[in-house]
Amino acid sequence: MSGLVALLDDVAAIAKVASASVDDVMGQAMKASSKAAGAVVDDAAVTPKYLTGFSADRELPIVWKIARGSLFNKLVILLPVALLLAAFAPWAISPILMLGGLYLCFEGAEKVWHALNPSDHHEEDLVREKMSAAKLEEKKVKGAVKTDFILSAEIMTIVLNALPEDGSFAMTAASLAIAGVLITVAVYGAVALIVKADDVGLHLTARGESGFVPALGRGIVRAMPWVMKILVVVGTAAMVWVGGSIIVHGLHELGWHAPYELIHAAAVSVAHAAPGYRGAVEWIVTAFLDGVLGLILGLALIPVANRMVGPLVSAIRPGTSPGDT
């Protein structure tokens, strides 16, 4: 009997340790996830633009496809790579992130160029019009997952850097995995709410001709086209901002401090003019200058992508257009 009691005591002790470990993992994951808030907001702002032009019944399935691709990016590709790089080649993290930052700069700048020069994309638009709905959906999902990969890499790296350096391999891996799932649920849950808000508005409108609830529904329906347009602009700005920020911080870590110091000095100088809002003004100026740099880099990369990378990809993968790069 005493042996059974001792065994139960041991089981209880093990369960207590396991419970504490789970609490530690969840706590580390939540704390580290909060450090990536800026990149998470960017991810949520970028995604809705990939859903424009599709029927209402395809919106949630497309969001699910992108979310599934995002989980694959974070858990199957980026999590093992992050752990390997942190263990064996931490010096390679910044250069890899900078390549991703350049891609974001290019994507954002291409959207700006398209908006300013729609005639340059007339042939591409004709191809898109002739594409079947299923093919167009597949293309949009691939584009969204590809962009998500870069943003997810930034998010996972921020989370990794926020975790304790003395943590065990298993604790770090579990914290990264939990953070990746939590962030994905938060981002694509928000995206689903945004894209279905007009349906909610229509449902509220059907409650009657007068009263607060139907009026609220009509307001939501009228506002959502503008909200979606604003999100497209915010998403494009987020690409060049995050891309530029990655480049500036990457160069700073690699030893070229001039871009970081110039932007920081300019932000501090402007912030001195508004002492009551110094922190907010400094952040806004820094983000703006990072975005300007990202836009300049992205515009410089457009001819490189169209004249060199695009034809090269088309040659390697027949049937791929330069616009697919």
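Computed from a prediction, not measured in an experiment: that's the story for all the values here.

The next subject is the packing of helix 8 (residues 197-205) against helix 9 (residues 212-254). In contact at an axis separation of 7 Å, helix 8 and helix 9 are set at 150° when each is read in the N-to-C sense. By the angle class used here, helix 8 and helix 9 are roughly antiparallel. Helix 9 is crossed by helix 8, and the crossing has left-handed handedness. On helix 9, the residues touching Ala 197, Asp 198, Gly 201, Leu 202, Leu 204 and Thr 205 of helix 8 are Val 213, Pro 214, Leu 216, Gly 217, Arg 218, Ile 220, Val 221 and Met 224.

Across all of its chains, the model carries one aromatic pair by this definition. When the centroid spacing of 5.4 Å and the interplanar angle of 85° are considered together, the rings of Trp 241 and Trp 283 count as edge-to-face. Note that Trp 241 is positioned in helix 9 and Trp 283 in helix 11 (residues 278-316), a separation of 42 residues in sequence. In this structure Trp 283 comes out as exposed when scored by relative accessible area, which is 52%. Over the aromatic face of Trp 226 sits the side chain of Lys 229, whose NZ or CZ is 4.9 Å from the ring centroid.

Along helix 8, the residues that are buried comprise Ala 197, Gly 201 and Leu 204. All buried residues of helix 8 fall inside an arc of 65° around its axis, so they share one side. Turning to helix 8, the residues buried within the fold contact helix 7 (169-195) and helix 9.

So, about the environment of Leu 75. Counting through the fold element by element, Leu 75 comes out in helix 3 (residues 56-88). In this view, Leu 75 contacts Pro 80, Ala 177 and Val 181; residues no more than four positions away in its chain are not counted.

Bringing the pattern of salt bridges into the picture now. Inspection of the entire model under this criterion finds five salt bridges. For Asp 199, the salt bridge identified is with Lys 196, shortest N-O distance 2.5 Å. Among the residues examined, Asp 199 registers a relative accessible area of 29% and is labelled partly exposed. Residue Lys 196 is classed as buried on the basis of its relative accessible area, which comes to 17%. Taken together, the salt bridges that share partners define one network made up of Glu 59, Lys 196 and Asp 199.

Time to look at the side chain of Ser 70. Among the structural elements, Ser 70 can be located in helix 3. Taking relative accessible area as the criterion, Ser 70 reaches 0% and is therefore assigned buried. Setting aside chain neighbours within four positions, we find Ser 70 in contact with Asp 148, Ser 152, Thr 184 and Tyr 188.

The next point concerns the environment of Ala 173. With respect to the helices and strands, Ala 173 occurs in helix 7. When the C-alpha positions of Ala 173 and Ala 82 are compared, they lie 9.2 Å apart, and in sequence the two are 91 residues distant. Filtering out sequence-adjacent residues up to four positions away, Ala 173 remains in contact with Leu 79 and Leu 83.

Reading predicted coordinates in detail is not appropriate for stretches of low pLDDT. Taken residue by residue, the protein gives an average pLDDT of 76. The fraction at 70 or more is 73%. When mean pLDDT is taken per element in the protein, helix 10 (residues 258-271) scores highest with 93 and helix 1 (residues 2-35) scores lowest with 44. With pLDDT under 50 throughout, residues 3-23 is counted as low confidence; its partners more than four residues away or in other chains account for one contact. The model gives residues 32-36 a pLDDT under 50, and that stretch makes 11 contacts with residues more than four places away or in other chains.

Our next topic: the nonpolar core. If you look at the biggest cluster of nonpolar residues, it comprises 43 residues, and the most contacted ones within it are Val 63, Ile 66, Leu 104, Val 159, Leu 176, Tyr 188 and Val 191. Within the residue set of this core, elements represented by two or more residues are helix 3, helix 4 (93-116), helix 6 (133-162), helix 7 and helix 9. By residue number, the principal contributor to this core is helix 6, which donates 10 residues.

The geometry of helix 9 relative to helix 10 is characterised by a closest axis approach of 7 Å and an angle of 120° between their N-to-C directions. Classified by the angle their axes make, helix 9 and helix 10 are oblique. Facing helix 9, whose interface residues are Val 248, His 249, Leu 251 and His 252, helix 10 presents Pro 259, Tyr 260 and Ile 263. By residue class, the composition of the contact of helix 9 with helix 10 is five nonpolar, two polar and no charged.

Okay, the environment of Arg 218 next. Mapped onto the elements of the fold, Arg 218 is located in helix 9. In sequence terms Arg 218 and Thr 205 are 13 residues apart; their C-alpha atoms lie 5.8 Å from each other.

It is worth spelling out the side chain of Glu 137 at this point. Tracing the sequence through the fold places Glu 137 in helix 6. Of the residues examined, Glu 137 reaches a relative accessible area of 8% and is grouped as buried. A distance of 2.8 Å separates the side chain of Glu 137 from the side chain of Lys 65, its partner in a polar contact.

The rules behind each value
Residues numbered from 1 in each chain as written. Predicted model: local features only at pLDDT ≥ 70, side-chain atom pairs only at ≥ 80, totals over all residues. Heavy atoms only, no water. Axes fitted to C-alpha atoms, helices over the stretch in contact; angles between N-to-C directions. Helix = DSSP H or I, 4+ residues; strand = E, 2+ residues; numbered from the N terminus. Parallel < 35°, antiparallel > 145°, perpendicular 65-115°, else oblique. Left-handed = near helix turned anticlockwise from the far one by under 90°. Contact = heavy atoms within 4.5 Å. Phe/Tyr/Trp six-rings, centres within 6.5 Å; stacked < 30°, edge-to-face > 60°. Buried < 20%, exposed > 50% of the residue type's maximum accessible area, 1.4 Å probe, protein only. Lys NZ or Arg CZ within 6 Å of the ring centre and 35° of its normal. Arc of directions from axis to C-beta. Salt bridge = Lys/Arg side-chain N within 4 Å of Asp/Glu carboxyl O. pLDDT = per-residue confidence, 0-100. Core = buried A, V, L, I, M, F, W, Y, C linked by side-chain atoms within 4.5 Å. Nonpolar A, V, L, I, M, F, W, Y, C, P; charged D, E, K, R; others polar. Polar contact = N/O pair within 3.5 Å; in protein donor to acceptor, adjacent residues only side chain to side chain.

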